[in-house]
Amino acid sequence: MENKMSGIVWVITASIVFICIAVVAIFYKLTKLQEETREAYLKFDSYRMEKWNMVKRLAEYVESYHEEEKTFAETHVVLDQDYMVMGEEEKSILYHKMEEILGNLIEEIKKHGNLQCEEKIRNICLKLKDESYRYHEAEAEYNSCVNRYNGQIEKVPDKYVAGILGLKKQKKLCKIWLCNKLNSACFYDNLFQCAFISFGKI
């Protein structure tokens, strides 16, 4: 009888140890995916912030050319906001507005040959085109990380461990730009080429 009880205790102990090891392994796997997702978001956000700053500089260059002839009040309302302290939804909405401003600025540059001759404007526009590609690559990478993380959390037994430890699904980035031509690669290629083709810079 005593040997039987001892055997049961060993089975229970081994089961508990196995469950603990499995929980730790699942937790490690989920937190690793969560960290990869966080790093991908930080990378994406840094590209977005860099693009924001470049558009802000471009607006200043174009505005200085016009002096008092043209008002840029609406541009300042958007670009003078503190982008860093905003939440993700606010950033997405503001980014969409910034893209519209960028389109208007490029149209202004196309209208004025003197602006096209400015080397600092040419350089920043070319950098903006490159930054657009990096932005979309980083966005796709982040959404891919979110898909992997959320997919893992839905699996059994991972979802039970996630529920116990309070790990939740991550949100993918809003695809606002899909309905906005300003964010397409073709838009940047065509528009920058039209702006500077006469100067042999592209």
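Please refer to the structure placed before this passage.
This section reports on the structure supplied with the text. (Residues numbered from 1 in each chain as written. Predicted model: local features only at pLDDT ≥ 70, side-chain atom pairs only at ≥ 80, totals over all residues. Heavy atoms only, no water.)

### Some remarks on the overall build of the protein chain
Looking only at helices and strands, one finds 7 helices and 0 strands in the protein chain. Put simply, the protein chain runs from its N terminus to its C terminus through helices and strands in the order α-α-α-α-α-α-α. Across the protein chain, the fraction of contacts at a sequence separation of at least 24, relative to all contacts at a separation of at least 6, is 77%. As presented, the protein chain carries roughly 12300 Å² of accessible surface, and 58% of it is formed by carbon and sulfur atoms. (Helix = DSSP H or I, 4+ residues; strand = E, 2+ residues; numbered from the N terminus. Contact = heavy atoms within 4.5 Å. Areas by Shrake-Rupley, 256 points an atom, 1.4 Å probe, with all protein chains shown as cover.)

### Brief notes about a nonpolar patch on the surface
Residues Phe18, Ile19, Val23, Phe27, Ile164 and Leu165 make up a contiguous nonpolar surface patch of roughly 600 Å² in combined accessible area. Elements supplying a minimum of two residues to the nonpolar patch: helix H1 (2-66) and helix H6 (158-165). Top element by residues in the nonpolar patch is H1. It accounts for 4 residues. Relative to the helices and strands, Ile164 resides in helix H6. (Patch = residues over 30% accessible without salt bridge, like charges linked within 9 Å, V, L, I, M, F, W, Y side chains within 5 Å. Salt bridge = Lys/Arg side-chain N within 4 Å of Asp/Glu carboxyl O.)

### Re the nonpolar core
In terms of nonpolar packing, the biggest core is built from 33 residues, with Trp52, Leu58, Leu79, Leu105 and Ile109 touching the most fellow members. Among the nonpolar cores identified, the runner-up in size contains 8 residues, and Ile153, Val161, Ala162 and Leu167 belong to it. (Core = buried A, V, L, I, M, F, W, Y, C linked by side-chain atoms within 4.5 Å. Buried < 20%, exposed > 50% of the residue type's maximum accessible area, 1.4 Å probe, protein only.)

### Focus: unusual backbone geometry
Pro157 follows Val156 through a cis peptide bond whose omega is 10 degrees. Relative to the elements of secondary structure, Pro157 occurs in the loop between helix H5 (119-153) and H6.

### With respect to H6
When H6 is considered as a whole, its buried residues turn out to be Asp158, Val161 and Ala162. Angularly, the buried residues of H6 cover 100 degrees about the axis, an arc narrow enough to put them on a single face. In H6, the exposed residues that point more than 90 degrees away from the buried face are Gly163 and Ile164. Immediately downstream of H6, the backbone of Gly166 shows phi near 75 degrees, a positive value. (Arc of directions from axis to C-beta.)

### What about the environment of Met86?
Residue position: Met86 is located in the loop between helix H2 (73-79) and helix H3 (88-111). In this structure Met86 touches Gln81, Lys91 and Leu94, once residues within four positions along its chain are discounted.

### Thoughts on the packing of H3 against H5
Between H3 and H5, the least distance of the axes is 13 Å, while the angle of their chain directions is 145 degrees. When the axes of H3 and H5 are compared, the crossing they make is left-handed. Side by side, H3 and H5 meet where Tyr95, Leu102, Ile106 and Ile109 of the first sit next to Ile121, Cys125, Leu128 and Tyr135 of the second. For the contact of H3 with H5, the residue count by class is 8 nonpolar, no polar and no charged. (Axes fitted to C-alpha atoms, helices over the stretch in contact; angles between N-to-C directions. Left-handed = near helix turned anticlockwise from the far one by under 90°. Nonpolar A, V, L, I, M, F, W, Y, C, P; charged D, E, K, R; others polar.)

### Observations regarding the pattern of salt bridges
The tally for this structure, following the rule as stated, stands at 10 salt bridges. With a closest N to O distance of 3.0 Å, Asp45 and Lys91 form a salt bridge. Of this pair, Asp45 sits in helix H1 while Lys91 sits in helix H3, and the two are 46 residues apart along the sequence. Each of the two residues, Asp45 as well as Lys91, counts as buried. A salt bridge links Glu88 to Arg48; its shortest N-O distance comes to 2.9 Å. Remark: Arg48 occurs in helix H1 and Glu88 occurs in helix H3; sequence separation between them is 40 residues. Looking at Glu88, the relative accessible area reads 27%, which means it is partly exposed. Since its relative accessible area comes to 1%, Arg48 is described here as buried.

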